Amino acid sequence: MPVETRRPLISGNWKMNQNHFEAIQLIQKLTYLVGKDDFDAVDVSVHPPFTDIRSVQTLIEADDLRFALGAQNCHQDDKGAFTGEVSPVFLQKLNVSYVIVGHSERRELFGETDATVREKVAAVLRNKMTPIICVGETLTEREAGSTAEKVTGQVAAAIDGCSPAQVGGLVIAYEPIWAIGTGRTATPADAQEVCSAIRSTVGGRAGAEAATAVRIQYGGSVKAGTIQELMSQPDIDGALVGGASLDPEEFARIVQYRLHESPGV
Ligand code: PEP
């Protein structure tokens, strides 16, 4: 699959923000700002909190909106005695398309390991949804020169057990932890270098076809002012956007990155 046939994917991770009334308002505002041409060129997913998903689904389906519905996490089992957890089966029933797996906040604050991430990837695929697998290094790891080792290790662990066809359908989000919510963004060249290493790792494990097909996002303080140059990198196919996805104007401008002036113009 040539590079130009990888559809860009811009995803808004709302984290623990927006109750279900606010979620509806945010989608309604985005609907006015993101148009047909945008959706023709770019896939856009929104990842509200679990309690909002049914409301957002209803709105998307009633108004035939082209936002893809996403979740921020799920449990690795389909059902059972797991108080407080959410099954991937339930998400699939709500027509969720994408599930973020292994976000650094889940890894750091909720103890998710590479093994948990692998199980969640399998659970999402088993339920016919697409995982967005998050990987990324800490500042200490970057300064120690171990970024590539950390990130490619996380990728290898997450895709272990997946078929080449499954790997080709995945989304991998490279999110340097030091750039998340900090206002610091990796330079486009640094982000490209790591995303290229991710693609090579995928190729080594699942073959050239999977490596060409897999979509790789960059995440970490992405804003309208930084998206265009990031998206011009050959191995960056989209963005996972946190804070800026809560501001409809800013998020719409990120989705519309291809209409921005080139950097330096
Ligand atoms: C994220 O939550 O995945 C993220 C990248 O957040 P932010 O854009 O706020 O850095």
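Notes on the structure follow.

What counts as what
- Residues numbered from 1 in each chain as written.
- Predicted model: local features only at pLDDT ≥ 70, side-chain atom pairs only at ≥ 80, totals over all residues.
- Heavy atoms only, no water.
- Near = heavy atom within 4 Å.
- Polar contact = N/O pair within 3.5 Å; in protein donor to acceptor, adjacent residues only side chain to side chain.
- Nonpolar A, V, L, I, M, F, W, Y, C, P; charged D, E, K, R; others polar.
- Core = buried A, V, L, I, M, F, W, Y, C linked by side-chain atoms within 4.5 Å.
- Buried < 20%, exposed > 50% of the residue type's maximum accessible area, 1.4 Å probe, protein only.
- Helix = DSSP H or I, 4+ residues; strand = E, 2+ residues; numbered from the N terminus.
- Contact = heavy atoms within 4.5 Å.
- Pairing = 2+ DSSP bridges.
- Phe/Tyr/Trp six-rings, centres within 6.5 Å; stacked < 30°, edge-to-face > 60°.
- Axes fitted to C-alpha atoms, helices over the stretch in contact; angles between N-to-C directions.

Side note on the site of the ligand
As a structural note, the neighbourhood of the ligand is formed by 14 residues, with K15, E175, G181, S221 and G243 the closest of them. Measuring from an oxygen atom of the ligand, one finds a side-chain N or O atom of E175 at 2.6 Å. Of the residues that constitute the shell around the ligand, the class distribution is 4 nonpolar, 8 polar and 2 charged.

Focus: the nonpolar core
Buried together is how nonpolar side chains tend to be arranged in soluble globular proteins. The biggest cluster of nonpolar side chains holds 69 residues, and the ones touching the most others in it are I10, F67, L91, V99, V121, I198 and Y218. It is helix α10 (residues 188-206) that contributes the most residues to this core, 6 residues altogether. Setting aside residues no more than four positions away along its own chain, V99 makes contact with A71, N73, C74, L91, V124, M129, T130, P131 and I132. Of all hydrophobic cores here, the second largest spans 9 residues; its members include L9, A68, I100 and I132.

Notes on the pairing of strand β6 (residues 171-174)
Side-chain alternation along β6 places V171 and A173 on one buried face and I172 and Y174 on a second face that is also buried. As paired strands, strand β5 (residues 130-135) and β6 are joined by 4 bridges and run parallel to one another. Following the sheet pairing, V135 is matched in β6 by Y174. Both β6 and strand β7 (residues 215-219) contribute to a ladder of 4 bridges, which runs parallel. Bridging from a neighbouring strand, Y174 pairs with Y218 of β7.

Examining the packing of aromatic side chains
Scanning the model with the defined rule gives 2 aromatic pairs in all. The interplanar angle of 85° and the centroid separation of 5.0 Å between the aromatic rings of F39 and F67 together place this pair among those described as edge-to-face. Of this pair, F39 sits in helix α2 (residues 36-41) while F67 sits in the loop between α3 (50-62) and β3 (68-71), placing them 28 residues apart in sequence. Residue classification places F39 among the buried positions, given a relative accessible area of 8%. Looking at F67, the relative accessible area reads 4%, which means it is buried.

Considerations on the sheet that holds β5
Taken in spatial order, the 8 strands line up as β1-β2-β3-β4-β5-β6-β7-β8 and close into a barrel, and their pairing is parallel. Pairwise comparison of adjacent strand axes, ignoring direction, gives a mean angle of 25° for this sheet. With 2 bridges joining them, β3 and strand β4 (residues 98-101) adopt parallel strand pairing. What sits directly across from G70, in β4, is Y98. Sheet strands touched by helix α13 (residues 248-255): β1 (9-13), β2 (43-47) and β8 (238-241). Its angle to β1, the strand with the most contacts, is close to 160°.

Such coordinate-based values are descriptive only and should not be taken to indicate function.
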